[in-house]
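# Remarks on the overall topology
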Number of protein chains: 2
Amino acid sequence: MNTVSSYPPIKVGILGLGTVGGGVTRVLARNASEISRRAGRDILITHAAARNLDSTTANTTGIKLTQEGLEVVDDPEVSIIIELMGGYEPARSLVLRALANGKHVVTANKALIANHGNEIFAAARDAGMMVGFEAAVAGGIPIIKAIREGLAGNHLEWVMGIINGTANFILSEMRGKGRNFPDVLAEAQKLGYAEADPTLDIEGIDAAHKLTILASIAFGIPLQFDKVYIEGISRITRDDVANATKLGYRIKHLGIARRDEHGVQLRVHPTLIPQRQLLAHVNGVMNAVLVKGDAVGQNLFYGAGAGAEPTASAVVADIIDVVRTLTTDPENRVPHLAFQPDALSDLPVVPMDEIETACYLRLLALDRPGVLADITRILADCGIGIEAFMQKEAPATASVVPVVLLTNPVKEQRMNQAIAALEALDSIRAPVMRIRLDYLESD
Amino acid sequence: MNTVSSYPPIKVGILGLGTVGGGVTRVLARNASEISRRAGRDILITHAAARNLDSTTANTTGIKLTQEGLEVVDDPEVSIIIELMGGYEPARSLVLRALANGKHVVTANKALIANHGNEIFAAARDAGMMVGFEAAVAGGIPIIKAIREGLAGNHLEWVMGIINGTANFILSEMRGKGRNFPDVLAEAQKLGYAEADPTLDIEGIDAAHKLTILASIAFGIPLQFDKVYIEGISRITRDDVANATKLGYRIKHLGIARRDEHGVQLRVHPTLIPQRQLLAHVNGVMNAVLVKGDAVGQNLFYGAGAGAEPTASAVVADIIDVVRTLTTDPENRVPHLAFQPDALSDLPVVPMDEIETACYLRLLALDRPGVLADITRILADCGIGIEAFMQKEAPATASVVPVVLLTNPVKEQRMNQAIAALEALDSIRAPVMRIRLDYLESD
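Residues numbered from 1 in each chain as written. Chains lettered and ligands numbered in written order. Predicted model: local features only at pLDDT ≥ 70, side-chain atom pairs only at ≥ 80, totals over all residues. Heavy atoms only, no water.

## Looking at the pairing of strand β15 (residues 400–407) of chain B
Residues and elements named next belong to chain B. Where burial is concerned, most of β15 is hidden: seven out of the eight residues are buried. Two elements, strand β13 (residues 356–366) and β15, share seven bridges in a ladder whose sense is antiparallel. Looking at the pairing, L363 lines up with V403 of β15. Bridge count between strand β14 (residues 386–391) and β15: five bridges; the pairing is antiparallel. Across the sheet, A388 pairs through a bridge with L406, a residue of β15. (Buried < 20%, exposed > 50% of the residue type's maximum accessible area, 1.4 Å probe, protein only. Helix = DSSP H or I, 4+ residues; strand = E, 2+ residues; numbered from the N terminus. Pairing = 2+ DSSP bridges.)

Shown next as structure tokens:
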């Protein structure tokens, strides 16, 4: 260990030695000398808890091991607790106890922060402690730091991002190789990109956890996971992906937080992005977050959104940050949600019905005269204009033909009415597929 | 002003009310409430110096104005000095005096930091003061913060970026519209993207200033502007741009800092980048920096690299950072060059002759038998392999034909020998155009 300072080492306890925990031990050991040269002191993991101590890939040299998280959290030698267990309990109780014990916390647990962050940050404030959660959003990309500190001079207008690598991998493969959703999902599971139960990733819940956090630090609002509109990618077909390409777009699964005149929009859904946008070229398991500030304009942050070492990169950065502010009085530290806790805003979350987006619609229509007239009449009755129209040659044997439309921007509620009316037609086979378009300002 | 804290306001003095100075006054005024809610106190510009007080677009409400920088630097009420004058003197003297007076400094002056940063940071350390310089590199992109703090757990392997917006605008226009360099330069000057004397931008000096800073904070080495290899874009022709496109590449003007087994490479030159890379899609005046860390993998940071308000965004973020660490003991602040000042490395800068890159070569050859044989013989004699070859149909009336080659990776010295030998041929019209290729690891 190459100590460059007279400061004593900082002792760290770790809860969870799974994939990310293993990554943290390896990165801290491998880069010990550079990390000391940056932080001005050594950072040592001295105590770790894991359910299964035999199966870990962690570098456990010099670390006291236990199966009991409480032992680590109550260890008087440890100044910082790294929570990498995942899930709500016992993670929540251990984090709260660590704070009450006068220990700082670093966590990668997005579900915990999105759902219990308000409680945890209040407890941290009472105790004068810090909770670092850079690793909870977009893995190794320092997006929390960028928004909370790097763009702190801005009035932020919106944040949107590809914040689930599994969903982005699936959509990228569907596009690149013309494959269908179930095939690619099976492959993603084989490659270890998707869990045995992929619901959290493909139904947008994981992305909604991250969006909840991004929205809070961008706009200075409390964490409100339960108000996020959530739609996953499991209904997207190979044809949708190919149609989008033909129309000059890519389908990406986005988390979007945007201010409008009514409050804050919080939504996660598949989105058509114009091909010329940089965000459209983010492929595979990579993540990217685009932030719009009134002064800075658009900033994009791109990198690996998951994986042992990218996530460890964020955890270690948080540890160094905590170490640096140990002697700062708590009032002058960066506030957890970017804004001072007594200066959070009560901006309302806009109901999805009130949000206006353009839409891609794919309908399966019976191949008979008058169908198109029916479709266009229903849309016109709802005040919906058509921006583009695409009808595929039907195979000679088919009785239905796919009809694809791009509409002009329209309120969700009105589009829902139009879709219900379309699905009520005898000549349309339900369900109608709808994918929203988000026009980013020109790049 | 919406004060949310009992802390007294921080008073700031500003040197220079030109484009960026005007932007800083406007952003601080417009976003005063949000900035206070983040920083926990108000930030007020109380004193400003400018050469020409009549022509400024700054919001000078409530600001004491002077033409004498020394008055601001010596104002006992002011805690932070914002240096936005540009150039070396009197900026350097005023910054040193501000530090000696016990004031923190925030600057956007890349030339000053690249050339006099070692002296200025030593003075800041002696005085226990901070110098913020986020705005000196890549405008509004918080790249200094990302590298110095966000990626602090990594052993950084390389940094490469599009860090001059003027050069990137020119290359983007040449590609997009098939125009020639002098035309586009003239347009860039008309649009205000390029100065009347565009040398700093198009000959790579501005990019080298920024690269000097990036390399220091990435690798923990002193600032060494005089050791950067610098090549601009003024010799690139419309044909080079078109040839690169045909071969699957884009030409970008990059700053590259890379560790290799001999030390650190520091170089600024036009570079062919594979079209599939995200960096290849960064167009117009935008900047982007790609960073490779051993844990995090590749991170890309993209945004406006210049302009009044993007630069102001970085300046204001630095002010807030300084405000937050006013009560931190100096030893625990983020070190100016990311590593503790007594832990900088003496890694040598690798001489350009020793650096290995693949190359694009464009030769004008007399249209006669045996020329190609001569060319391939010379390359073979120098041990240089050919990866791709392109010969254009010569117009019937032309006596010379362009020959385009991509070579395998080869040391600069050997390529220089080969080019000298090629140019010595009767059948080749000098000079041979050479543009380096940088294979980024797969993305």
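## What about the nonpolar core?
Core analysis: the largest hydrophobic core is formed by 118 residues, its most contacted members being I143, I147 and V291 of chain A together with I143, I147 and V291 of chain B. Sequence-distant contacts of I143 of chain B, defined by excluding residues within four places in its chain, comprise E134, V137, A138, L214, V289, V291 and F301 of chain B. (Core = buried A, V, L, I, M, F, W, Y, C linked by side-chain atoms within 4.5 Å. Contact = heavy atoms within 4.5 Å.)

## Comments concerning the pattern of salt bridges
Residues and elements named next belong to chain B. Taken as a whole and judged by the stated rule, the model has 52 salt bridges over all chains. We note a salt bridge from D206 to K210, for which the minimum N-O separation is 2.6 Å. Of this pair, D206 and K210 both sit in helix α10 (residues 205–219), four residues apart, roughly one helical turn. Taking the relative accessible area as the measure of exposure, K210 reaches 4% and is therefore buried. (Salt bridge = Lys/Arg side-chain N within 4 Å of Asp/Glu carboxyl O.)

## Section: the UniProt feature "binding site: NADPH" (unreviewed entry) in chain A
Residues and elements named next belong to chain A. Within this numbering scheme, the UniProt entry marks K110 as carrying the feature "binding site: NADPH" (unreviewed entry). For K110, the location among the structural elements is in helix α5 (residues 110–127). In contact with K110, not counting residues within four places along its chain, are A136, D206, H209, K210 and I213. (UniProt positions renumbered as here; feature names shortened; annotations may be inferred.)

## Focus: the side chain of S172 of chain A
All names here are of chain A. Counting through the fold element by element, S172 comes out in helix α7 (residues 165–177). Classification of S172 as buried rests on a relative accessible area of 15%. At 2.9 Å, the side chain of S172 forms a polar contact with the backbone nitrogen of G284. In contact with S172, other than residues within four places in its own chain, are K252, V282, N283 and G284. (Polar contact = N/O pair within 3.5 Å; in protein donor to acceptor, adjacent residues only side chain to side chain.)

## Focus on helix α10 (residues 205–219) of chain A
Residues and elements named next belong to chain A. The terminal C-alpha atoms of α10 lie 21 Å apart, and with 15 residues this matches the ideal 21 Å at 1.5 Å per residue to within 8%. Counting buried positions along α10 gives 14 out of 15 residues, so the element sits mostly inside the fold. At the exit of α10 stands G220, carrying a positive phi of roughly 70°. (Expected span 1.5 Å × (residues − 1).)

## What about the relation of the copies chain B and chain A?
Note on the identical chains: chain B maps onto chain A by a rotation of 180° and an axial translation of 0.0 Å, with an RMSD of 0.0 Å. Here the two chains are linked by the operation of a two-fold rotation axis. Comparing contact sets, 100% of the residues at the interface of chain B also lie at the interface in chain A, consistent with an isologous, same-surface contact. (Least-squares fit on C-alpha atoms with pLDDT ≥ 70 in both.)

## Quick word on the packing of aromatic side chains
All names here are of chain B. Applying the stated criterion to the full structure yields five aromatic pairs over all chains. Residues F169 and Y193 carry aromatic rings whose centres are separated by 4.8 Å and whose planes lie at 70° to one another, so their mutual orientation is edge-to-face. Note that F169 is positioned in helix α7 (residues 165–177) and Y193 in the loop between α8 (181–190) and α9 (199–202), a separation of 24 residues in sequence. Look at F169 and you get buried, because its relative accessible area is 7%. (Phe/Tyr/Trp six-rings, centres within 6.5 Å; stacked < 30°, edge-to-face > 60°.)

## Concerning unusual backbone geometry
Only a minority of non-glycine residues have a phi that is not negative, and only a minority of peptide bonds are not trans. Look at the link from E89 of chain A to P90 of chain A: it is a cis peptide, with omega at 5°. Considering the arrangement of structural elements, one finds P90 of chain A in the loop between β4 (80–83) and α4 (91–100). In this structure, the amide linkage connecting A430 of chain B to the following residue, P431 of chain B, adopts the cis form with an omega of -5°. With respect to the helices and strands, the residue P431 of chain B is situated in strand β17 (residues 428–437). In this model, A138 of chain B sits at a positive phi of 60°, which is unusual for a non-glycine residue. With a phi close to 75°, A338 of chain B is a non-glycine residue in the positive phi region. Position of A338 of chain B among the secondary structure elements: in the loop between α12 (308–324) and β13.

## Some points on the sheet that holds strand β6 (residues 131–132) of chain A
All names here are of chain A. The strand order across the open sheet built from six strands is β3-β2-β1-β4-β5-β6, with neighbouring strands paired in parallel fashion. Whereas interior strands pair on both sides, the edge strands pair on one side only; in this sheet they are β3 (64–66) and β6. Across two bridges, strand β5 (residues 104–107) lies against β6 in parallel orientation. Opposite V106, over in β6, you have G132 as the bridge partner.

## Some details on the pairing of β5 of chain A
Along any regular strand the residues' side chains alternate between the sheet's two faces. All names here are of chain A. Neither face of β5 is open: one carries H104 and V106, the other V105 and T107, and all of them are buried. In this structure, β4 lies alongside β5, joined through four bridges in parallel fashion. Each residue of the ladder has a partner; that of I81, found in β5, is V105. Chirality of the crossover, the property in question, places the unit of β5, α5 and β6 among those that are right-handed. (Right-handed = clockwise from strand over helix to strand, strands pointing away.)

## Thoughts on the UniProt feature "active site" (unreviewed entry) in chain A
As annotated by UniProt and renumbered to match this structure, "active site" (unreviewed entry) occupies K210 of chain A. Residues within four places of K210 of chain A in sequence aside, it is in contact with K110, A136, V137, A138, I163 and N164 of chain A.

## Points about the domain arrangement of chain A
One widely used convention gives an interface's size as the accessible area the parts lose upon coming together. Partitioning chain A into domains gives domain 1 (10–142 + 309–341), domain 2 (144–303) and domain 3 (352–437). Centre-to-centre separation of domain 1 of chain A and domain 3 of chain A, based on C-alpha positions: 50 Å. (Domains from an automatic or database assignment.)

## So, the interface of chain B and chain A
Tallying the contact residues gives 68 residues for chain B and 68 residues for chain A. Carbon and sulfur atoms make up 48% of the area that chain B and chain A hide from each other, which totals about 5,400 Å². It is R37, R38 and R324 of chain B that lose the most area in chain B upon contact with chain A, and together they represent 14% of the buried surface on that side. Taken together, chain B and chain A are joined by six salt bridges. Where R259 of chain A meets E34 of chain B, a salt bridge forms, and the shortest distance between an N and an O atom there is 3.5 Å. Counting across the interface, chain B meets chain A through 26 residue pairs in polar contact (both at pLDDT 80 or more). Looking at the side of chain B that touches chain A, the elements with two or more residues in it are α1 (19–30), α2 (32–39), α6 (143–150), α10, β12 (297–304) and α12 of chain B. The element contributing the most residues to the side of chain B that touches chain A is α12 of chain B, with nine residues. Among the residues making up the side of chain B that touches chain A, the classes are represented as 33 nonpolar, 18 polar and 17 charged. The pairing of strand β12 (residues 297–304) of chain A with β12 of chain B spans three bridges and is classified as antiparallel. Its bridge partner being in β12 of chain B, L300 of chain A is matched across the sheet by Y302 of chain B. (Buried area = accessible area lost by both parts, 1.4 Å probe. Nonpolar A, V, L, I, M, F, W, Y, C, P; charged D, E, K, R; others polar.)

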